[in-house]
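Okay, here's what each chain looks like letter by letter:
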Amino acid sequence: MTTRALVRPRTVAEALALLDGEEEARPLAGGASLVAMMNADLLSPSLLVSLRDIAELKGISPAPGGGLRIGAMTRHYETAAAADLCGTLAVLRAAAGRIANPPVRNMGTMGGSISLADPGADYPAALVALGARIEIASPAGTRLLPARDFFVDWYTTALKPGELVTAVLLPAPAGGIGLYHKLARVAGDFATVSVALTAAPSGAVTLAIGGCGPFPIADAAADRELSGRLGDPAAARRAGEILAALADPVDDVRASADYRRLVIPRMVARIAGEAAGWEKAA
Ligand code: FAD
């Protein structure tokens with residue numbers, strides 16, 4: 001099948017109606033991955049529904065019920081530079097800044113990245129560590145899904161046909177620490193292993209591991225080990241071992257599954273050590 005047309009609706013409602021009307025239609029965000037997949041003949045949508053002119057999908061703003069709303073068409077470079085993403089939310093700013101290189105950060109979008117759900121991508125672990133919620137629209141209305149329920153398998157999300165990611169909702173900035181560490185073969189590559197950490201002013205810690213399974217690895221027992229004990233290397237080791245045991249990595253061009261399991265506790269120890277330093281300095 002060859003792509004028949006590109007349409008540029010101006011509202012989410014129009015985009016949903018266009019997607020609903022054609023089985024092989026696809027939303028087009030920045031095109032960073034979709035166009036590459038079409039060029040490689042991996043996909044040939046009959047209709048491309050560009051989200052580019054939809055103002056309600058753009059930018060970072062206060063969410064109506066409190067917290068922050070990142071529109072699906074917000075580009076990675078905007079997220080990487082957003083001063084509002086401070087305290088624990090800084091984990092997302094840091095993750096955005098580690099994506100690929102400037103051309104990809106200028107093109108790629110929040111909605112496109114999470115809809116693609118590449119297991120080596122940088123946002124998923126940061127969004128899970130933050131307890132972010134994904135706003136999803138369909139002709140039937142809007143629903144919200146916790147990030148940890150959105151990523152369901154390798155390159156697979158909870159999105160149903162015809163649905164659009166419209167935004168990511170974050171809690172209100174309330175101090176604390178948010179860090180993101182990424183191990184990659186070379187600068188600009190997808191993550192071999194990544195770790196996202198948030199530490200609230202109360203001492204509560206959340207961790208999530210990326211690149212080591214179909215979706216980010218997170219566990220309440222690991223979080224409990226490290227909560228209030230960021231500076232305790234034994235607690236960091238225990239938290240890392242819990243997460244390594246839960247990981248489901250594969251052997252691929254970036255690393256073997258065994259290497260990834262070995263690296264997780266070391267990366268958790270390193271990020272906890274950095275967080276302890278920030279905690280001390282605060
Ligand atoms: P598109 O390419 O336009 O779309 C991607 C998919 O999502 C398509 O199937 C599209 O139909 C669907 N889609 C788009 N928007 C929506 C929406 N709102 N709702 C529902 N479905 C939607 N990412 C990283 O995290 N880390 C990296 O290091 C990294 N390196 C990269 C290096 C290269 C060379 C490239 C090309 C990409 C890399 N990426 C990396 C991915 C990149 O950051 C983009 O996020 C990703 O390519 C998606 O691009 P896009 O936002 O332009 O979406």
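Rules used throughout
The numbers attached to residues start from 1 for each chain and follow its sequence in the written order. For this predicted model, a pLDDT threshold of at least 70 governs which residues receive local features, and a threshold of 80 or more governs which side-chain atom pairs are given and counted, while totals over whole chains, interfaces and linings are taken from all residues. With hydrogens and water set aside, each side-chain value is computed from the structure's full complement of heavy atoms. Centres within 6.5 Å are what make two rings of Phe, Tyr or Trp a pair, Trp counting through its six-membered ring; a difference in plane orientation under 30 degrees is then read as stacked, over 60 as edge-to-face, and the rest as tilted. Burial status follows relative accessibility: with a 1.4 Å probe on protein chains alone, a residue under 20% of its type maximum counts as buried, one over 50% as exposed, and anything between as partly exposed. Put simply, DSSP H or I for four residues or longer makes a helix, DSSP E for two residues or longer makes a strand, and each gets a number counted from the N terminus. DSSP bridges decide pairing: two strands pair if at least two such bridges lie between them. To obtain an axis, a line is fitted to C-alpha atoms, over the contacting stretch when the element is a helix, and the angle between two such axes runs from 0 to 180 degrees between their N-to-C directions. Nearness is judged by heavy atoms alone; a residue qualifies as near a molecule or strand once a single heavy atom is within 4 Å of it. Think of a polar contact as two N or O atoms within 3.5 Å of one another; within protein, one of them needs to be a possible hydrogen donor and the other a possible acceptor, and neighboring residues in sequence only count if both atoms come from side chains. For the area figures, the Shrake-Rupley method with a 1.4 Å probe applies, and any residue is considered shielded solely by the protein chains shown.

Caption draft 1: Here's a closer look at the packing of aromatic side chains. Throughout the structure, instances matching the rule amount to 1 aromatic pair. Plain terms: the ring middles of Phe150 and Phe151 are 5.2 Å apart, the flat faces sit at 90° to each other, and that makes the pair edge-to-face. For the pair Phe150 and Phe151, one class covers both residues: buried.

Caption draft 2: Quick peek at helix H7 (residues 123-130). In terms of burial, H7 is a largely internal element, 8 of the 8 residues being buried. Every buried residue belonging to H7 is among Tyr123, Pro124, Ala125, Ala126, Leu127, Val128, Ala129 and Leu130, and all of these are buried.

Caption draft 3: Representation of the sheet that holds strand E11 (residues 177-183). Here we have 3 strands laid out as an open sheet, ordered E11-E12-E13, and antiparallel in their pairing. Looking at the sheet topology across the chains shown, the edges are occupied by E11 and strand E13 (205-210). When strand polarity is set aside, the average angle formed by the axes of neighbouring strands in this sheet is 10°. Two elements, strand E12 (residues 193-199) and E13, share 6 bridges in a ladder whose sense is antiparallel. Bridge pairing in E13 links Ala199 to Val205.

Caption draft 4: The arrangement of the site of the ligand in detail. In the neighbourhood of the ligand, 30 residues make up the surrounding shell, with Pro27, Ser33, Leu34, Thr109 and Asp122 lying closest. Gly30 has a polar backbone atom sitting 2.9 Å from an oxygen atom of the ligand. In the model, an oxygen atom of the ligand is placed 2.9 Å from a nitrogen or oxygen of the His76 side chain. A total of 960 Å² of accessible area belongs to the ligand in isolation, and the protein chains cover 89% of it. Elements with a minimum of two residues in the shell around the ligand: strand E2 (25-28), helix H6 (110-116) and strand E10 (164-170).

By themselves, these figures tell us nothing about what the structure is for.
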